[in-house]
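Reading the structure
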Amino acid sequence: MRPLQFLILTLSFTNLLLATSVNVVAQNQAVKPPNLIVIMTDDLGYADVGFNGCVDIPTPHIDSIANSGVKFTNAYVSYSVCGPSRAGFITGRYSQRFGFERNPQYLPSDPNMGLPLSETTLAEALGKTGYRCGVVGKWHLGAHQNHHPLNRGFHEFYGHLGGGHRYLPEDLTLEDSAAASSENESYRTLILNDRTPVKTSKYLTDEFSDAAVRFVEKNKEQSFFLFLSYNAPHLPLQATPKYLERFNEIKNPKRKTYAAMVSAVDDGVGQLLETLKENNLEQDTLLFFLSDNGGPTTKNASRNNPLRGNKGDVWEGGFRVPFAARWPAKFPKGSVYDLPVSSLDIFATIAALSSVKLDEQRPLDGVNLVPYVRGEIQTPPHNAIYLRKFDQQRYAIRRGDYKHVVPVKGGKSQLYNLKNDIGETKNLALQEPDTLAELEALRKTWSAELIDPIFLGLIHLPSFQKKQTRKTPEKTGQKK
Ligand code: CA
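Summary of the structure given here. (Residues numbered from 1 in each chain as written. Predicted model: local features only at pLDDT ≥ 70, side-chain atom pairs only at ≥ 80, totals over all residues. Heavy atoms only, no water.)

Observations concerning the packing of helix α6 (residues 204–219) against helix α8 (residues 253–278)
Which entries qualify depends on this criterion: Comment: axis = line fitted to C-alpha atoms, over the contacting stretch for helices; angle = value between 0 and 180 degrees taken between N-to-C directions. Strands here mean DSSP runs of E at least two residues long; helices mean DSSP runs of H or I at least four residues long; both are numbered from the N terminus. Angles below 35 degrees are treated as roughly parallel, those above 145 as roughly antiparallel, those between 65 and 115 as roughly perpendicular, and all remaining angles as oblique. For any pair of crossing helices, the crossing counts as left-handed if the nearer helix is rotated counterclockwise from the farther one by less than a right angle, and right-handed if it is rotated clockwise. Contact criterion: two residues are considered in contact whenever any of their non-hydrogen atoms come within 4.5 Å of each other. Classes in brief: Ala, Val, Leu, Ile, Met, Phe, Trp, Tyr, Cys and Pro nonpolar; Asp, Glu, Lys and Arg charged; the others, Gly included, polar.
In the contact formed by α6 and α8, the axes pass within 9 Å of each other and the chain directions differ by 15°. Classified by the interaxial angle, the pair formed by α6 and α8 is roughly parallel. At the point where α6 passes α8, the crossing takes the right-handed sense. Contact with α6, carried on its side by T205, D206, S209, D210, A212, V213, V216 and E217, involves A264, V265, G268, Q271, L272, T275, L276 and E278 of α8 and no other residues of that element. Each residue belonging to the contact of α6 with α8 can be placed in one class, and the counts come to 7 nonpolar, 5 polar and 4 charged.

Printed below as a string of structure tokens:
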């Protein structure tokens with residue numbers, strides 16, 4: 001080989017190497033998965049955010065998620081109360097498949113009372129690909145050490161293990177979370193920083209907002225998943241003057257306090273969004289906002305209108321929730337998506353965007369929402385959306401515009417066309433028997449895949465049953 005030929009060959013080879021390495025870098029940059037933030041509120045009504053038409057509680061920061069991203073008008077959670085809904089979200093699977101179908105009792109001594117260890121959490125899945133995972137706020141997936149967030153894939157935890165919490169720092173007096181022997185007592189435990197109880201000084205919602213900001217600041221150099229799980233505006237209704245003073249024109253004291261609690265969440269969302277902006281993380285962060293179930297309207301003065309029903313129901317007000325997502329790099333700004341989607345889709349979406357290895361034995365029930373939101377796929381993301389409430393043998397199946405409801409155990413099947421009748425007022429079961437039969441067939445096929453609940457729930461506690469016994473005569477009109 002002549003020297004010139006050798007030089008040309010060497011240069012070509014070097015160029016090839018350079019080009020290849022540039023391509024690899026470009027590809028890595030192109031496929032770098034986004035950060036994931038999921039902001040989940042607790043018992044927030046469908047109608048209690050500005051982007052769903054709320055007028056008496058301004059939520060500008062929450063609305064900005066929908067305005068700069070996508071508002072989902074037909075978004076469902078997988079259950080109409082807290083625990084099972086969260087178990088669905090965190091596994092991407094209907095929790096009725098693995099027996100988490102009741103709100104767990106607060107029992108730190110019971111390793112069976114929580115999310116089965118056989119299931120994979122979103123944090124476990126993302127953690128394996130290098131994400132740093134943190135949860136701030138309410139856990140409610142088991143109070144036993146086996147179920148502690150740090151044993152379920154999260155690297156950081158700042159929050160409480162039970163289903164709710166008191167908000168004022170002076171109310172948090174019980175140091176040892178494991179010593180709480182009832183649901184009520186669990187509401188008074190100190191907040192856990194990982195596993196260490198800490199004395200807090202602020203209104204709890206503000207504590208959680210601060211912790212969320214700290215998590216992002218600390219982990220901004222790497223891919224992260226933050227589950228910001230506000231316990232607000234779940235009972236007890238408690239707010240500070242700073243937030244209450246914003247709502248002096250609301251005369252109903254319950255609604256006023258509820259509004260103050262929602263407003264505190266909105267401030268926190270604003271802080272978090274500002275942190276993303278300051279750190280130039282907006283483009284690379286996929287963010288979801290939702291409620292874990294519908295509003296319990298009589299308890300916390302939330303509103304689900306125009307939907308029928310409340311938290312706990314198989315009506316729309318039970319499990320159709322405020323839901324918005326933002327990803328400036330990929331999602332169209334200010335768009336509205338009307339086809340039914342599910343909180344289970346969050347897992348499937350981030351799994352498709354990252355290198356998560358899925359468990360073939362435990363297939364996800366959600367879908368990657370990205371091509372749907374971007375208009376690349378026009379067909380519905382789901383064949384149907386399902387809900388079963390085992391203890392009451394209630395069901396709901398949504399497909400297209402239609403919804404099939406089994407409202408009570410042994411009750412007659414009902415059929416509604418939600419497009420024309422969002423309030424579920426006109427039962428079409430007799431007029432449209434073929435549609436009803438199709439949806440009933442879907443219900444049977446799906447429910448055959450489920451198992452019975454694996455632990456007793458809050459509803460089995462004597463204190464709960466006493467309350468129900470007191471309520472029943474009023475409801476039925478019978479004498480005591
Ligand atoms: Ca809830």
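Some points on the sheet that holds strand β5 (residues 156–160)
Formally: Two strands qualify as a pair provided DSSP detects at least 2 bridges between them.
A sheet is described by the order of its strands in space; here 10 strands give the open sequence β7-β6-β5-β4-β8-β1-β9-β10-β2-β11, paired in mixed fashion. Of all strands in the sheet, those bounded by a partner on one side alone are β7 (196–198) and β11 (335–337). The mean inter-strand angle of the sheet, taken between neighbouring strand axes irrespective of direction, is 15°. Summarising the sheet, strand β4 (residues 132–138) and strand β8 (residues 224–229) pair through 6 bridges and their orientation is parallel. Looking at the pairing, R132 lines up with F224 of β8. Contacts from helix α3 (residues 82–91) reach β1 (35–41), β4 and β8 within the one sheet, and its direction differs from that of β8 by about 170°.

Description of the sheet that holds strand β15 (residues 402–406)
The 4 strands lie next to each other as β13-β14-β15-β16, forming an open sheet whose pairing is antiparallel. Edge positions in the open sheet fall to β13 (385–389) and β16 (414–417), since each of these has one partner strand only. Across the sheet, the mean angle from the axis of one strand to that of its neighbour is 10°, orientation sign disregarded.

A look at the packing of aromatic side chains
Just so we agree on the cut-off: Whether two aromatic rings pair depends on their centres lying within 6.5 Å, for rings of Phe, Tyr and Trp, where Trp uses its six-membered ring; planes under 30 degrees apart make the pair stacked, over 60 edge-to-face, and the rest tilted. Partly exposed residues are those whose accessible area sits between 20% and 50% of the maximum for their type, while under 20% is buried and over 50% is exposed, using a 1.4 Å probe and protein chains only.
The tally for this structure, following the rule as stated, stands at 17 aromatic pairs. Consider the rings of Y76 and F319, whose centres lie 4.9 Å apart with planes at 50°: the pair is tilted. You can see Y76 sitting in strand β3 (residues 75–76) and its partner F319 sitting in helix α10 (residues 316–319), a full 243 residues away along the chain. An identical accessibility class is assigned to Y76 and F319; each is buried. Between the aromatic rings of F100 and F455, the centroid separation amounts to 5.0 Å while the plane-to-plane angle is 85°, which identifies the pairing as edge-to-face.

Topic: the pairing of strand β10 (residues 323–326)
Across the two faces of β10 the burial is the same, with F323 and A325 and A324 and R326 all buried. Note: strand β2 (residues 70–72) against β10, 3 bridges, orientation antiparallel. Note that in β10 the partner of V70 across the bridge is A325. Where strand β9 (residues 285–291) and β10 come together, 4 bridges link them in antiparallel fashion. Paired with F288 across the bridge in β10 is A325.

What to know about unusual backbone geometry
The peptide bond linking A232 to P233 adopts the cis configuration, its omega dihedral lying at 0°. For P233, the location among the structural elements is in the loop between β8 and α7 (241–244). Here the bond from N305 into P306 is cis, since omega is 10°, no more than 30 degrees from zero. Inspection of the secondary structure puts P306 in the loop between α9 (297–300) and α10. A positive phi angle, near 60°, is found at N280, a position not held by glycine. Take N280: it is sitting in the loop between α8 and β9. By relative accessible area, which is 66% here, N280 ends up exposed. Phi is positive for Q393, which is not a glycine, with a value near 50°.

Let's talk about the coordination of the calcium ion
Counted only if it meets this: Only N, O and S atoms count as donors, using a 2.8 Å limit from the metal and a wider 3.2 Å limit for Na, K and Ca, and since water is excluded some coordination spheres may look unfilled.
Coordination sphere of the calcium ion, protein contribution only: D42 (OD), D43 (OD), C82 (SG), D292 (OD), D292 (OD) and N293 (OD1), at 2.2 to 2.6 Å. When the donors of the calcium ion are listed by position in the chain, the intervening gaps give D-D-x38-C-x209-D-N. You can see D43 sitting in the loop between β1 and α2 (60–67) and its partner D292 sitting in the loop between β9 and α9, a full 249 residues away along the chain. Given a relative accessible area of 2%, D43 falls into the buried group. Exposure remark for D292: the relative accessible area of 0% places this residue in the buried category.

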